[in-house]
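# Inside the fold
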Amino acid sequence: MASGDDDDPIIQEIDVYLARSLVEKLYLFQYPVRPASMSYDNVTHLAARIKPKQQKVELEVAMDTMSPNYCRSKGEQIALNVDGTSSEDSNVYSTKMMDKQTFSAIQATTNTSRYAAAVFHKGELHLTPLQGILQMRPSFTYLDKADTKHREREAANEAGDSSQDEAEDDVKQVTVRFSRPESEQARQRRIQSYEFLQKKQAEEPWVHLHYHGIKDSRSEHERQYLYCQAMDTTENTELVKTPSEYLSMLMPPLAEEKVVKPMGPSNVLSMAQLRMLPLGEQVKTLMKNVKVMPFANLMGLLASGTDSTAVLRCIQQVALLVQGNWVVKSSHSGVPAEVLCRGRDFVMWRFTLERTLMRKEVAAIIKLPPEDVKDFLEQMSAPRLNRGWEFLLPTDHDFVKKHPDVAQRQHMLWLGIQSKLEKVFNFSKDDFVPKKDAQMEPVHVSGDQRLKSARENARENHATMQRELDARRLKASRYTGSSNESGALVQVKQEPMSDSEEPMDTSVKRLFNLHLASLPTGHSVYGHVTDRMLQDTILQSQCKQILVP
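Presented here is an overview of the structure given in this document. (Residues numbered from 1 in each chain as written. Predicted model: local features only at pLDDT ≥ 70, side-chain atom pairs only at ≥ 80, totals over all residues. Heavy atoms only, no water.)

### What to know about the overall build of the chain
- Within the chain, the secondary structure is distributed over 19 helices and 17 strands.
- Looking at the chain as a whole, 30% of its 549 residues are labelled buried.
- Pairs at least 24 residues apart make up 67% of the contacts formed inside the chain by residues separated by at least 6 positions.
- Carbon and sulfur atoms provide 53% of the accessible area of the chain, an area that totals close to 37,300 Å². (Helix = DSSP H or I, 4+ residues; strand = E, 2+ residues; numbered from the N terminus. Buried < 20%, exposed > 50% of the residue type's maximum accessible area, 1.4 Å probe, protein only. Contact = heavy atoms within 4.5 Å. Areas by Shrake-Rupley, 256 points an atom, 1.4 Å probe, with all protein chains shown as cover.)

Shown next as C-alpha cells:
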C-alpha cells in the first residue's frame, strides 16, 4: 500500500516475531575454508562434542579413502606417525589409515547481541537470537600427537638428559621451599596467565552430542522451533515499541563499546583477539608464550604492514638478543624470585658465548637446585646426545647483518649484565673464554682427531725436552761415583770428547747411575721399557759405552 504524497512510500508491512524456543542453544557454524558449493551436508559425521562455557565445538567427519584424490601411502604414514605400530583402543586411526579429520571451532565474535537467525514464512519474519557464531576449521592436533611420540622416542634413546656428563648422582639433594603468602597483584597475574587459563579450559568436561543430517527427521522437527510458538503479544512484548523507542533501538546513541574479555586460551591466542591489542602488548604476549623467537617469525605473526622499526623498539623492552634470536627477559618470563631471574640471566649470557652448555657446570656457579636449572635450559635449549644442552634455534646471521645497530646495542647491554652477574655469582669473565665467532656453529671433534692432536702435542713436548737435555749435555764434565749392588765403589771416567760428542750434565748422569745400580738385573725401569732397550737408545744417542769392573 502506498500514499501519493509520501516521499518514502510503504511498499509492504511484515510482522516480526521473536522466537525463544532455541534461545541460548542456537549456534551459527561457518566453514571459511570451503566454498558454499562444497558443503559438508552429505559427509558422514562420526562424532560431535561441545564445551558450552567456552563455546568450543569439535566435529569428526569421515574422509573418502577410495577417492582418486586420496593418497593412500600418505594416509598410512600419518597414521603410523600418530599411533605407532601398536593396536590399542586409544589409537586415533583404528584402520591404520587417516580416514577422518576433525574440525575445531574458533569464535568469530565474542558479542552476538546484535545477531539473530531469521526465517521468513508466509509474510512473517521469525527471529531467534544467536548464542554464538563459530568458524569451523580443520584441526591438526594429530600432528602434535605425532610430534609427542617422536619426542618420547628421542628421550628414550637419549636416556634422561642425553649426556653422560649430565648424569645425576644416585643421592640427590632435597630442597625444601616455603611459599610466601600470595599478594593480590601476584594472584591477578596468576589468574591472567596462559597456564591458568589453559588449566581452567581443561577442567570443563566435553558434552558429547549426536549429529543429525540436514534431511534427518529430527532436524526437521528441531527447525520448527525457529518459528514463534505463541503468535499473540505475550511472547513478543520486546518488539512492541513506540516509534521513538524503535528508532532508538535502530540507531542507539554513540557509546564506547566494551571489549568482552576472552574466556579461554583459544581466544587469548587467536590472531583476531591478539591484533586488537596495542603493538607493545602484542609483542609482549607473543614473547611470554613462545620464549624464543627469530625476528622474522615475530613479524609474520603480526598484522601485515606493521612497521619493523616500531616492532624493534617494542621487542627490546621485553626480550634480549641471543645468537641473533630474541629471548624473553627473565623479568617478563614469569620467573618469580630475583635470585631465579639472575640464574636465568646467567644461562642466557652463557648462550651468547657458545652454542652448548652443561647443566652441572651452570648449577655449580648459580647454586640453584637442578630442577630450576633444567627449567631455565628447557625454555631456550634442547638436550643433545653427549653434547649437553644446545641453543634451541640456529644462529640468525641475517638479522645481525641487517640490524648491526641493534646487535651492537644488545652487545653493550650484555656487557652490563655480565658485570652484575660477576658480582652476584663471584666468577671472572676469564673463566668463560668466548669463541672468536660466538654465532658460528660448534665444531665437534671426533676421537681420531683427538688422538692425532694428542700425538702432535707429544711430539712437540718431546722436542722441547730434547732441547733441554742437549743444553744440559753442554755443561761441565767430571768423575761421578756410584755404588753397585755389592756396595763397591764404581768409578765412571769421563773420556775426552771427540768433535761429534757432547758433554753430559754430571747431576743427571749421577742420578741415572744411582737409579740403575739400585735395581736388580733385568728389572724394567719404566714399565714396558727394559734395561736393554734403554741401553740401545743411549748408544744410538752417540753416548760412549764405558766398561765398569
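### What to know about the sheet that holds strand β14 (residues 381-384)
- Strand order in the open sheet made by the 3 strands is β13-β15-β14, with antiparallel pairing throughout. Only two strands of the sheet have a single neighbouring strand rather than two, namely β13 (356-357) and β14.
- Across 4 bridges, β14 lies against strand β15 (residues 388-391) in antiparallel orientation. Each bridged residue has a counterpart across the sheet, and for Arg384 the counterpart in β15 is Gly388. (Pairing = 2+ DSSP bridges.)

### Section: the pattern of salt bridges
- According to the stated counting rule, one finds 12 salt bridges in the structure shown.
- Between Arg342 and Asp345 there is a salt bridge, and its shortest N-O distance comes to 2.8 Å. Linking Arg342 with Asp345, this pair stays in helix α12 (residues 338-353), spanning 3 residues, or about one helical turn.
- Classification of Arg342 by relative accessible area gives partly exposed; the value is 27%.
- Classification of Asp345 by relative accessible area gives buried; the value is 9%.
- Ionic pairing is found between Glu354 and Arg350, a salt bridge with its closest N-O pair at 2.6 Å.
- Salt bridges here are not isolated pairs; linked through shared partners, they connect Arg49, Glu58, Glu60 and Lys100. (Salt bridge = Lys/Arg side-chain N within 4 Å of Asp/Glu carboxyl O.)

### With respect to the sheet that holds strand β12 (residues 325-328)
- The sheet built from 3 strands is open, its strands ordered β10-β12-β11 with antiparallel pairing. Two strands bound the open sheet, and with one partner strand each, they are β10 (292-293) and β11 (319-322).
- Where β11 lies against β12, 4 bridges are found, and the strand directions are antiparallel. Considered in β12, the bridge of Ala319 is made with Val328.
- Strand contacts of helix α16 (residues 404-425): β11 and β12, with the helix running at about 100° to β11, the strand carrying the most contacts. (Axes fitted to C-alpha atoms, helices over the stretch in contact; angles between N-to-C directions.)

### Some words on the environment of Met98
- Counting through the fold element by element, Met98 comes out in the loop between α1 (72-83) and β5 (100-107).
- Take Met98: its relative accessible area is 10%, and that puts it in the buried class.
- Taking C-alpha positions, Met98 is 7.9 Å from Met63, a pair spaced 35 residues apart along the chain.
- Sequence-distant contacts of Met98, that is, excluding residues within four places in its chain, are made with Met63, Thr65, Tyr70, Gly75, Ile78, Ala79, Tyr93 and Tyr142.

### Quick word on α16
- The end-to-end C-alpha distance of α16 is 31 Å, a good match for the 32 Å that 22 residues give at a rise of 1.5 Å each.
- Every buried residue belonging to α16 is among Val406, Ala407, Gln410, Trp414, Ile417, Gln418, Leu421 and Phe425, and all of these are buried. In an axial view of α16, the angular spread of the buried residues amounts to 120°, which keeps them on one side of the axis. Away from the buried face of α16 by more than 90 degrees, exposed residues Lys420 and Lys423 are located.
- For α16, the secondary structure elements touched by its buried residues are α11 (308-318), β11, β12, α12, α13 (359-366) and α15 (397-402). (Expected span 1.5 Å × (residues − 1). Arc of directions from axis to C-beta.)

### Thoughts on α11
- Along α11, the residues classified as buried are Ala310, Val311, Leu312, Cys314, Ile315, Gln316 and Val318.
- Among the structural elements, α9 (279-290), α10 (295-301), β11, β12, α15 and α16 are those in contact with the buried residues of α11.
- Between the side-chain oxygen at the start of α11 and the backbone nitrogen of Thr309 there is a gap of 3.3 Å, and the oxygen is on Asp307. (Polar contact = N/O pair within 3.5 Å; in protein donor to acceptor, adjacent residues only side chain to side chain.)

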